[in-house]
Amino acid sequence: MTTNGKGLNETHLPVLYNFARAISAVFDIQTLMTHFFNILKTAVDFDAGAYFVCHENHLEGRVYVKGGMDKAQTDEFTAAFSKKVTGSCRCSVEEGLRAMGLSYLMDRYDGARKSAQVHRRDLELKYMGSPAGVITIVSYAEKDPFEDTPVVEAMAEHANAVLEGLLTHMFAEEKKLADILMNMSEGVYIIDGNGVCNAVNPKGLEMVRDLCDCEGAGFEQAGAERWVFAGCDCEFTRCVKRIRESALPENGRHEEIKTARNRVFTLSISALLEKGGYIIVAKDVTEERLMQKRMMLSSKLASLGEMAAGVAHEINNPLQAILCNIELIDGETNESGHRRLKRVRDGVLRIKTIIKDLLIFAREQTTETENADLNPVIEKSLEILKHQLRMVNVSTALDLFPKPMIVKINRNMFQQVMINLLQNARDAMEESGTGSTVTIRSRLAPGKEAIVEVSDDGPGIPEKIIDRIFDPFFTTKDVGKGTGLGLSVSRKIIEGMGGSITVTSSVGKGTVFQMSIPHQGAVIDERRARKRREYDYSIIREKSILMVDDDEEVLRIVSEAVRPRVASVDPVRVSTEAFERIMEKDYDFILLDIKMPGMDGIEFFTKMADARPHLAGRVIFMTGDIESGKTAEFLRLTGCRYLAKPFAISELLDAVCEVTLKKGAVKG
Ligand code: ADP
């Protein structure tokens, strides 16, 4: 028989070969060690064996008993093994034995061998040179089976090498997983069958403050790395309870919960392999839901804008006809007729302003900011809501800073904030039946801040909800009336402009919302009001005018009103026909509608600028919809004068005079 340097001989080699082959593809320590004991028994006559591995936070072990050992033998073996475990590892025996969970393997054996002799081998397991566990083998045979059998050591050495590889791989995987968990933007809670949370990632710990209505106080630490949801009746705790009480479907469950503080979370719950355990992945989707709502609102607003533009166009033409008719009748009526007509005209001009504001509000969806005076924007907002406030008997008072307050804002968005604050004041006063006035004040604070205050003498806001009114989705209004988005969106808008918005309120006395926005640059001393220039209409007496508009009534009445002031007015309803006219005749002025069927004003102008370029400077556009981006851009590019319908005849004559006085606009 030949032996090698370690005392191994030919009979040992097939054993080692079998072991090496069996463990060539193992992925876990338990399988490795089961192979170890199974193959060892083919070469060595032993009765019991056990292994225990303990390194960092990895603990595992098993006891393998061949046949029935009696109690005394089992106790003796366990005690000896425990002693060894304590000696070789840094962890406690209790932990070690708990981790092992005495498991009996191997074939049955008829009765325990009784022997005065107990032969034992303890083989240290190491990881990177440090103790990492132990393998203990016991035999009750008469003769020591380990003597002269170096195969035990050889197999243990080989098993240790594979174990090191497995531990390295395991730690690398654990680290990867830990890194992912540490950096996840979702909260992860690993919960056992008793509802105890055994692990939570940092985001989960942070998130529990928002998830749990008692700010996480109900998430109590119950020992190292263990938490229980105690004494809190929040939606999250209820959800955890529900999961424990009902079986989880195989593909898990998804829930969306809204906390009392109006934060919205999605919870993905999946079962863990461990009996009754599950994992909850929680994500704060409050901002996401807010964005979705905002997008819905802005797309609604955009379609409202489209609709408003169409309606405005339809309304502006009859208004134009009404306005011209008023002017014509005005010349033929007596003193009381004048007064009545003035009231009608004022009404028409008011409708015009409302339509214009509505168009600006519905259309301007940009988020760009520009330097603008806050006061006119405040006035505009109030103008839009004044009627609604009056309808519920709420009067308004304005106390504006007498000089321009230049701030960098997006006018439309700021208007949105103002409208929301005014609407809230109106709703509160209407619902409670208290209060009568909304006051808007603006002033310049010494620290270069523009301050705007919207105050009401309504019911006020109860103390217990005042901290929550800026929360998304918080509303005290009835379903369908409030979305709870107004103030949260307003705060976002104002903060986006570098400002802040705060509230002070007193129940029964009223509420004040104060906005503070950084002031930009110097205050201009006087607000320069654009004064209407008085023109001498005799300068246009010789002018010939071509008027192109598809609305028959507008065409008829405007040309009738202008005709006495000029040499000639040719009204043409069809744009292609009008185009033929300009090819034949050099008009002094072309009054051109923009929105027309067939060739519209833009196409007319473009073709004319090509065919008869000298006429381009003689065009005055008439439009019912200057707020549309496309029209506004076109008008800007042409540099032509334009009139927004409905316009007074004097406005039209003024425009003709203005262009006449401009060099190069007249014939010859
Ligand atoms: P919504 O108007 O859809 O309710 P908001 O975010 O604009 O949403 O307002 C949230 C809540 O703040 C309102 O439901 C109301 O309870 C309260 N609130 C806001 N403004 C006032 C006010 N001027 N007076 C009393 N309560 C107010």
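Now for a description of the structure that goes with this document. Because the structure is predicted, anything quoted here is derived from the model rather than measured.

### Looking at the overall build of the chain
Item 1. When you go through the chain residue by residue, the secondary structure sums to 18 helices and 23 strands.
Item 2. Within the chain, the fraction of its 668 residues that count as buried is 46%.
Item 3. Within the chain, counting contacts between residues at least 6 apart in sequence, those at least 24 apart form 65% of the total.
Item 4. Split by element, the accessible area of the chain, about 34,500 Å² in all, is 52% carbon and sulfur.

### Quick notes on the side chain of Arg612
Item 1. Tracing the backbone shows Arg612 in the loop between helix H16 (601-611) and strand E22 (619-623).
Item 2. For Arg612, a relative accessible area of 16% gives the class buried.
Item 3. A distance of 2.4 Å separates a polar atom in the side chain of Arg612 from a polar atom in the side chain of Asp586.
Item 4. The contacts of Arg612, once residues within four sequence positions are left out, are Ile582, Met583, Lys585 and Asp586.

### Describing the sheet that holds strand E19 (residues 544-548)
Item 1. Read across the open sheet, the 5 strands follow the order E20-E19-E21-E22-E23; overall the sheet is parallel. Since the sheet does not close on itself, it has two edges, and those belong to strand E20 (568-572) and strand E23 (641-644), each with one partner. With direction set aside, neighbouring strand axes in the sheet form an average angle of 20°.
Item 2. Sheet topology places E22 next to E23; 4 bridges connect them, and they run parallel. Across the sheet, residue Met622 finds its bridge partner in E23, namely Leu643.
Item 3. Where helix H14 (residues 552-562) meets the sheet, it contacts E19 and E20, and its direction lies at approximately 165° from that of E19.
Item 4. Across the sheet, helix H18 (residues 649-661) is in contact with strand E21 (589-593), E22 and E23; its angle to E23 comes to roughly 175°.

### Considering the nonpolar core
Item 1. By size, the foremost hydrophobic cluster in this structure holds 47 residues, and its most contacted members are Leu374, Ile409, Phe414, Phe513 and Met515.
Item 2. Grouped together as the second largest cluster of nonpolar side chains are 35 residues, Val15, Ile39, Ile135 and Leu167 included.

### Overview of the site of the ligand
Item 1. Close contacts around the ligand come from 20 residues, with Thr475, Thr476, Lys477, Thr483 and Gly484 the closest.
Item 2. Here a nitrogen atom of the ligand and a side-chain polar atom of Asp456 are 2.9 Å apart.
Item 3. Here an oxygen atom of the ligand sits 2.8 Å away from a polar atom, N or O, in the main chain of Leu487.
Item 4. In isolation the ligand exposes 540 Å². Once the protein is present, 94% of that is buried.
Item 5. It is helix H11 (residues 411-432) that provides the largest number of residues to the shell around the ligand, a total of 4 residues.

### Focus: the sheet that holds strand E2 (residues 58-65)
The strands that make up a sheet pair up through hydrogen bonds in the backbone, lying either parallel or antiparallel.
Item 1. Taken together, 4 strands build an open sheet; the order of strands is E2-E1-E4-E3 and the sheet is antiparallel. Each edge of the open sheet is held by one strand with a lone partner, namely E2 and strand E3 (119-127). For this sheet, the mean angle separating the axes of adjacent strands, direction not counted, is 10°.
Item 2. Here 8 bridges tie strand E1 (residues 48-55) to E2, and the two strands are oriented antiparallel to one another. What sits directly across from Val53, in E2, is Glu60.
Item 3. Against the sheet, helix H2 (residues 29-40) engages E1, E2 and strand E4 (130-139), with an angle of about 25° to E2.

### Topic: the pattern of salt bridges
Item 1. For the coordinates displayed, the defined rule picks out 33 salt bridges.
Item 2. Here Arg612 and Asp586 are joined by a salt bridge, their closest N and O atoms 2.4 Å apart. With Arg612 in the loop between H16 and E22 and Asp586 in the loop between helix H15 (575-584) and E21, the pair connects residues that are 26 residues apart, well separated along the chain.
Item 3. On the basis of relative accessible area, Asp586 is assigned to the partly exposed category, the value being 28%.
Item 4. Salt bridges here are not isolated pairs; linked through shared partners, they connect Glu235, Arg238, Arg242, Arg253 and Glu255.

### With respect to a nonpolar patch on the surface
Item 1. Taken together, the side chains of Met307, Val311, Ile315 and Ile351 define a hydrophobic patch exposed on the protein surface, amounting to about 330 Å² of accessible area.
Item 2. Considering each element in turn, the nonpolar patch owes the most residues, 3 residues, to helix H8 (residues 286-330).
Item 3. Structurally, Met307 is set in helix H8.

### Digging into the packing of H2 against helix H5 (residues 151-183)
Item 1. At a minimum axis separation of 10 Å, H2 and H5 run at an interaxial angle of 170°. Classified by the interaxial angle, the pair formed by H2 and H5 is roughly antiparallel. Facing H2, whose interface residues are Ile29, Leu32, Phe36, Ile39 and Leu40, H5 presents Val152, Met155, Ala156, Ala159, Val162, Leu163, Leu166, Leu167 and Met170.
Item 2. Partitioned by chemical class, the residues of the contact of H2 with H5 number 14 nonpolar, no polar and no charged.

### A few points about the packing of helix H1 (residues 12-22) against H5
Item 1. For the pair H1 and H5, interaxial distance at closest approach is 11 Å and the crossing angle is 20°. In this view, H1 runs roughly parallel relative to H5, as classed from their interaxial angle. Both H1 and H5 take part in a crossing whose hand is right-handed. Within the contact between the two elements, H1 uses His12, Val15, Leu16, Phe19 and Ala20 and H5 uses Val151, Ala154, Met155, His158 and Ala159.
Item 2. Looking at the contact of H1 with H5 residue by residue, the class counts come to 8 nonpolar, 2 polar and no charged.

The rules behind the values
- Sequence positions are assigned chain by chain, starting from 1 and proceeding in written order.
- Predicted model: local features are reported for residues with pLDDT of at least 70 only, side-chain atom pairs are reported and counted for 80 or more only, and whole-chain, interface and lining totals are derived from all residues.
- Hydrogens and water are ignored here; the side-chain numbers use all heavy atoms of the structure.
- Numbering goes from the N terminus for both helices and strands, where a helix is a DSSP run of H or I of at least four residues and a strand is a run of E of at least two.
- Burial classes: relative accessible area under 20% of the type maximum marks a residue as buried, over 50% as exposed, and values in between as partly exposed (1.4 Å probe, protein chains only).
- Residues are treated as being in contact if the distance between any of their heavy atoms lies within 4.5 Å.
- Values of accessible area rely on a 1.4 Å probe in the Shrake-Rupley scheme; residue burial ignores everything except the protein chains shown.
- Polar contacts, as used here, are pairs of N or O atoms within 3.5 Å; protein pairs need one atom able to donate a hydrogen and one able to accept it. Residues neighboring in sequence count only if both atoms are side-chain atoms.
- Criterion used throughout: strands pair if DSSP finds at least two bridges between them.
- Convention adopted: a line fitted to C-alpha atoms gives each axis, helices being fitted over their contacting stretch, and angles between N-to-C directions are expressed from 0 to 180 degrees.
- Residues belong to one nonpolar core when they are buried, are Ala, Val, Leu, Ile, Met, Phe, Trp, Tyr or Cys, and are joined through side-chain atoms within 4.5 Å.
- For this purpose, a residue is taken to be near a molecule or strand whenever a single non-hydrogen atom of the residue falls within 4 Å of it.
- Put simply, a salt bridge is a Lys or Arg side-chain nitrogen that is within 4 Å of an Asp or Glu carboxyl oxygen.
- Candidate patch residues must exceed 30% relative accessible area and have no salt bridge, after which like charges are joined if within 9 Å and Val, Leu, Ile, Met, Phe, Trp or Tyr side chains if within 5 Å.
- Our angle categories are set so that under 35 degrees counts as roughly parallel, over 145 as roughly antiparallel, 65 to 115 as roughly perpendicular, and the remainder as oblique.
- Amino acid classes used here: Ala, Val, Leu, Ile, Met, Phe, Trp, Tyr, Cys and Pro are nonpolar; Asp, Glu, Lys and Arg are charged; the rest, including Gly, are polar.
- Two helices cross in a left-handed way if the nearer one is turned anticlockwise from the farther one by less than a right angle. They cross in a right-handed way if the turn is clockwise.

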